[in-house]
Amino acid sequence: MSFEKLGLIKPLLAAINELGYENPTTIQTRAIPLVLAKSDIFATAQTGTGKTAAFGLPILQKLRKTEGEVGRNVRAVILSPTRELSIQIHEDLTHFSKHMKVECAVLVGGKDIISQQRILKQGVDIIIATPGRFLEHVENGLTVNEIEVLVLDEADRMLDMGFTKDIRKIHPLLPKKHQTLLFSATYSDKVRRLSKLVLRSPAFIETSKKNSTVDTINQVAYLVDTDKKAALLAYLIGSRNYPQVLVFTRTKVSANELFLELQKDGLKCGLIHGDIQQPKRLKTLTQFKEMQIKVLVATDIASRGLDIEELPYVINYELPSVPEDYVHRVGRTGRAGRNGEAISLIDIYEKFDIREIEIVIGQKIPQETVEGFEPDPTIRRKDIDETSLKAEHKKPEKKRERQYNKNTSNLVKTRTSKKRKTTKRDQK
Ligand code: AMP
């Protein structure tokens, strides 16, 4: 299949060619003709499959303006769960629309709303936004009655992050006849319920097995004691000549701790999580993309929307609390058919979590040990049942969090969240 055969117009074909895309990916082959034919879509596609172009290219084609045509109101909205992903989508759309007349704007929280309104006043065709910020603009008078297309990108993640209410509010505000394209990495009950609400006779596109990880990723879990994890990580980075690694922790506290530890080891590393201010996060991301940083330590908030070309290694320093997040994390590697490796460092407690992950991805992850870092067999506690083991595992985390906050408030510049109610978003 070629991009020409999908019915794309010349300015888009030229842009794709300049980006070096030779052939469409599966999701692009299937989605582009459907979007052009105005069908609603329910697609299960992970990041890395080329889904941004799958919806971005046909939307740009539908909304392109002819010479002299002026339109001031928004005609498409792309909602995404994070600022980073929104910015990434905006960048992609800017590349795709290089040879045509379409105005795109990104509206995310953490940026000045007045200057965003000023941009909107100049006339914008496509908005890429996080749901909360988009609603704020609607409440401030943004005209939405000419919207033809709504995209819910990474819908499962938006629901997980508590955006259900916002999406339910936004949907009825749009014209009855608009087209909705829903993309989700997983096929959860929540997503199914949302799809029933927002989609009309959708075409279903399933590009990979239910919740399966991308085929080109080599997955392995190394068994190691909790207190040896940092040393094993440093050893792996040093001894295996990894050019760059994205390392995931479960909590902001562990991310902070690990970041400081790796810095002490002399590694050039960066840190991204929900408490790091947006400009700092973007700067770190750019430094990582430009190879000035070797190790990027991140919580799950960063597992979406990071589009880093040819990232070969992802290390789960801690497994995620939700098994589905494993799919999102390892989706950072093996992108668009390239090979990647996902390594999980698992301690005795996480041996149970990895089983849950294997059930979700429908694959067995081989468990190995690294010489010199074998777990101490005497701390295996076969007589404790799984539930109490897991409960025990969670306890020290809380304790550590309190201790850490006390000790290190000046070490890493974070936004104080004392006054805010703790929400699920804060854990990211
Ligand atoms: P996405 O799933 O949209 O985040 O895309 C993942 C990566 O694949 C991005 O770096 C895209 O630039 C790249 N990509 C998307 N479509 C293609 C294609 N047809 N050929 C080669 N690379 C692509």
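For the structure, check the block above.
Source: prediction; values computed, not measured.

1. Some points on the overall build of the protein chain
Here comes step 1: Helices and strands together make up the secondary structure of the protein chain, namely 16 helices and 14 strands.
Here comes step 2: Counting only residues that meet the buried cut, the protein chain has 54% of its 428 residues in that class.
Here comes step 3: Within the protein chain, counting contacts between residues at least 6 apart in sequence, those at least 24 apart form 77% of the total.
Here comes step 4: Looking at the protein chain as shown, the accessible area adds up to about 20100 Å², and 50% of this sits on carbon and sulfur atoms.

2. Details of the packing of helix α13 (residues 323–330) against helix α14 (residues 350–361)
Here comes step 1: Remark: α13 packs on α14, axes separated minimally by 8 Å, with the N-to-C direction vectors making an angle of 70°. It follows that α13 is roughly perpendicular to α14 by the angle criterion. Contact with α13, carried on its side by Pro323, Glu324, Tyr326 and Val327, involves Glu356, Ile357, Val360 and Ile361 of α14 and no other residues of that element.
Here comes step 2: Partitioned by chemical class, the residues of the contact of α13 with α14 number 6 nonpolar, no polar and 2 charged.

3. Some points on the sheet that holds strand β3 (residues 104–107)
Here comes step 1: Reading across from one edge, β3-β4-β2-β5-β6-β1-β7 is the order of the 7 strands in this open sheet, with parallel pairing throughout. Single-partner strands in this sheet number two, and they are β3 and β7 (203–206). The mean angle between the axes of side-by-side strands here comes to 15°, regardless of whether they run parallel or antiparallel.
Here comes step 2: In this structure, strand β5 (residues 149–152) lies alongside strand β6 (residues 179–184), joined through 4 bridges in parallel fashion. Across the sheet, residue Leu150 finds its bridge partner in β6, namely Thr180.

4. Side note on the pairing of β6
Here comes step 1: Within β6, 6 of the 6 residues are buried, which leaves it mostly tucked inside the rest of the structure.
Here comes step 2: Residues Gln179, Leu181 and Phe183 of β6 are buried on one face, and the alternating residues Thr180, Leu182 and Ser184, pointing to the opposite face, are buried as well.
Here comes step 3: Two elements, strand β1 (residues 41–44) and β6, share 4 bridges in a ladder whose sense is parallel. Opposite Ala43, over in β6, you have Phe183 as the bridge partner.

5. A short note on the pairing of β7
Here comes step 1: On β7, burial follows the alternation: Ala203 and Ile205 on one face are buried, whereas Phe204 and Glu206 on the facing-out side are not.
Here comes step 2: Note: β1 against β7, 4 bridges, orientation parallel. Note that in β7 the partner of Ile41 across the bridge is Ala203.

6. A closer look at unusual backbone geometry
Here comes step 1: The phi dihedral of Lys38 is positive, around 70°, even though this residue is not glycine.
Here comes step 2: Secondary-structure assignment places Lys38 in the loop between α2 (26–36) and β1.
Here comes step 3: What makes Lys38 exposed here is its relative accessible area of 64%.
Here comes step 4: The phi torsion at Asn241 lies on the positive side, around 55°, for a residue other than glycine.
Here comes step 5: A relative accessible area of 64% places Asn241 in the exposed class.

7. Describing the pattern of salt bridges
Here comes step 1: This model, assessed by the stated rule, comprises 13 salt bridges.
Here comes step 2: Where Glu148 meets Arg75, a salt bridge forms, and the shortest distance between an N and an O atom there is 3.0 Å. Of this pair, Glu148 sits in the loop between α6 (131–139) and β5 while Arg75 sits in the loop between α3 (51–63) and β2 (76–79), and the two are 73 residues apart along the sequence.
Here comes step 3: Residue classification places Arg75 among the buried positions, given a relative accessible area of 17%.
Here comes step 4: Here Arg192 and Asp189 are joined by a salt bridge, their closest N and O atoms 2.3 Å apart. Pair noted here: Arg192 and Asp189 are both in helix α9 (residues 189–198), with a separation of 3 residues, about one helical turn.
Here comes step 5: On the basis of relative accessible area, Arg192 is assigned to the partly exposed category, the value being 28%.

Here is what the cut-offs are and how they apply
Here the residue index of a chain counts from 1 through its sequence in written order. In keeping with the model being predicted, local features are shown solely for residues with a pLDDT of at least 70 and side-chain atom pairs are shown and tallied solely at 80 or more, while totals for entire chains, interfaces and linings include all residues. Hydrogen atoms and water are omitted, and side-chain values are computed over all heavy atoms in the structure. The helix and strand labels rest on DSSP assignments: H or I over at least four residues marks a helix, E over at least two residues marks a strand, and numbering proceeds from the N terminus. Any residue under 20% of the maximum accessible area for its type is buried, any over 50% is exposed, and the rest in between are partly exposed; the area is computed with a 1.4 Å probe on protein chains only. Contact definition: two residues touch when any of their heavy atoms are within 4.5 Å. Surface accessibility follows the Shrake-Rupley procedure with a 1.4 Å probe radius. Residue values consider only the protein chains on display as shielding. Each axis is a line fitted through C-alpha atoms, and for a helix only the stretch in contact is used; angles between axes span 0 to 180 degrees, taken between their N-to-C directions. By the definition adopted for this analysis, an angle is roughly parallel if under 35 degrees, roughly antiparallel if over 145, roughly perpendicular if from 65 to 115, and oblique otherwise. Charged residues are taken to be Asp, Glu, Lys and Arg, nonpolar residues to be Ala, Val, Leu, Ile, Met, Phe, Trp, Tyr, Cys and Pro, and polar residues to be all remaining types, Gly included. DSSP calls a pair of strands paired once it identifies at least 2 bridges connecting them. What counts as a salt bridge is simple: a side-chain nitrogen of Lys or Arg found within 4 Å of a carboxyl oxygen of Asp or Glu.

Function cannot be inferred from these measures alone, as they are strictly geometric.
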